[in-house]
Amino acid sequence: MKNTNAARRIARQKNGWLKSHGLGNDYIVFNAENIDFELSRENIVRICDEHFGIGSDGILLLTESKRADFGLTIYNPDGSTAEKSGNGLRIFADYLYSMGYTDKTKLSIEVGGQVVWCSLELGTDADVENITVDIGKATFVPAQIPVISDKQEALDIKIVLDEEDWVFSAVSVGNPHAVFIVDDVNDIDVIETGSMVECHEIFPNRINVQFVQVLDRNNAVIEIFERGAGYTLASGSSSCGVVAVLYKKGLVDEKVSVHMPGGTLEVEIDKDYNLRLSGPVERTACGVLL
């Protein structure tokens, strides 16, 4: 979307919205102050439906915050809420700047009870070119993910799916992830297997699922099945969760390019498991909901 000024006028109207994607993972953004309808489960499902609504992997809602510059609530397309989304945060930061809510290029955003910092890199035309998000610290403690396990850390846990043994490691980067290391992601039925894992009884709050193939110490390929959304072309928090697990197991270095069907994101991790995520955002559509 090249005409930012026109998009700004439309998206900031009553019931106005902006739709953007991060490598094919798309979200619709609303300002809570500008909408006159309830974001009920039924309405969220309808809006996100690609046939009967706008079509999206979720909804981002701008709210007030007393702890940060802006507040954010994230809704999955099934109407449930998400604690955090790496791509969602990058899309939201781009929305705030490009739609004229701020002129800051470093923003604090409260989401899921946490405060996250986003840094915007501007191009020669003063438009947003790249966004980096400080995702926070990864944890492998089962109760904090959560996953039902008597292990001190949720690493190399066996699970039975359709009478077949699988092994995963779980991590939370503000939202929960189950990471399966495989020889070739192309051999995995991501939708069938991912749907079984997402709702397995071992995960009290369901879970995001990733299948990862390690290419070398700085590159990995992943396929994603997101909690509440299903098969997804790209995911920022999934990329971070995967890198956290691979780093924990000594399989990658501090900087990793994570390759997905929608494109590539850059993830950095330090020795304390703090994560940073970088990548582009593209605005695709805007409008007014009738």
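Residues numbered from 1 in each chain as written. Predicted model: local features only at pLDDT ≥ 70, side-chain atom pairs only at ≥ 80, totals over all residues. Heavy atoms only, no water.

Q: What am I meant to see in the overall build of the chain here?
A: Within the chain one finds five helices and 18 strands. Taken against the 2.2 N^0.38 rule, which gives 19 Å for 290 residues, the C-alpha radius of gyration of the chain at 18 Å falls within 12% of a compact globule. Dimensions of the chain, computed from C-alpha atoms along their principal axes, come out at roughly 55 × 40 × 35 Å. Residues counted as buried form 56% of the 290 residues belonging to the chain. Taking the intrachain contacts of the chain between residues at least 6 apart in sequence as the baseline, contacts between residues at least 24 apart amount to 61%. Summed over its atoms, the accessible surface of the chain is roughly 12,700 Å², and 45% of this surface lies on carbon and sulfur atoms. One finds the centroid of the 26 positive side-chain charges in the chain at a distance of 8 Å from the centroid of its 44 negative side-chain charges. (Helix = DSSP H or I, 4+ residues; strand = E, 2+ residues; numbered from the N terminus. Rg over C-alpha atoms; globule rule 2.2 N^0.38 Å. Buried < 20%, exposed > 50% of the residue type's maximum accessible area, 1.4 Å probe, protein only. Contact = heavy atoms within 4.5 Å. Areas by Shrake-Rupley, 256 points an atom, 1.4 Å probe, with all protein chains shown as cover. Lys, Arg positive; Asp, Glu negative; His and termini not counted. Charge placed at Lys NZ, Arg CZ, Asp CG, Glu CD.)

Q: Would you explain the side chain of asparagine 25 in this entry?
A: Counting through the fold element by element, asparagine 25 comes out in strand β2 (residues 25-31). Take asparagine 25: its relative accessible area is 0%, and that puts it in the buried class. In terms of polar contacts, asparagine 25 uses its side chain to reach the side chain of aspartate 57, at 3.1 Å. Those residues in contact with asparagine 25 that sit more than four places away from it in its chain are Ser20, Asp57, Asn87, Ile91, Glu226, Thr232, Ala234 and Ser235. (Polar contact = N/O pair within 3.5 Å; in protein donor to acceptor, adjacent residues only side chain to side chain.)

Q: Would you explain helix α3 (residues 86-98) in this entry?
A: Note on helix geometry: an α-helix contains 3.6 residues per turn, so any two residues three or four positions apart are oriented the same way. Its 13 residues give α3 an end-to-end C-alpha distance of 18 Å, which sits within 8% of 18 Å, the value for a rise of 1.5 Å per residue. In terms of burial, α3 is largely enclosed, as 13 of its 13 residues are buried. Directly after α3, the chain includes glycine 100, whose backbone phi takes a positive value near 85°. (Expected span 1.5 Å × (residues − 1).)

Q: Can you help me understand the side chain of histidine 177 in this one?
A: Examined against the element boundaries, histidine 177 turns out to sit in strand β11 (residues 176-181). With relative accessibility at 0%, the residue histidine 177 sits in the buried group. Within the local environment of histidine 177, its side chain forms a polar contact with the side chain of glutamine 210, the two groups lying 2.8 Å apart. Those residues in contact with histidine 177, other than ones at most four positions away along the chain, are Ser169, Ala170, Val171, Ile207, Asn208, Gln210, Ser237 and Ser238.

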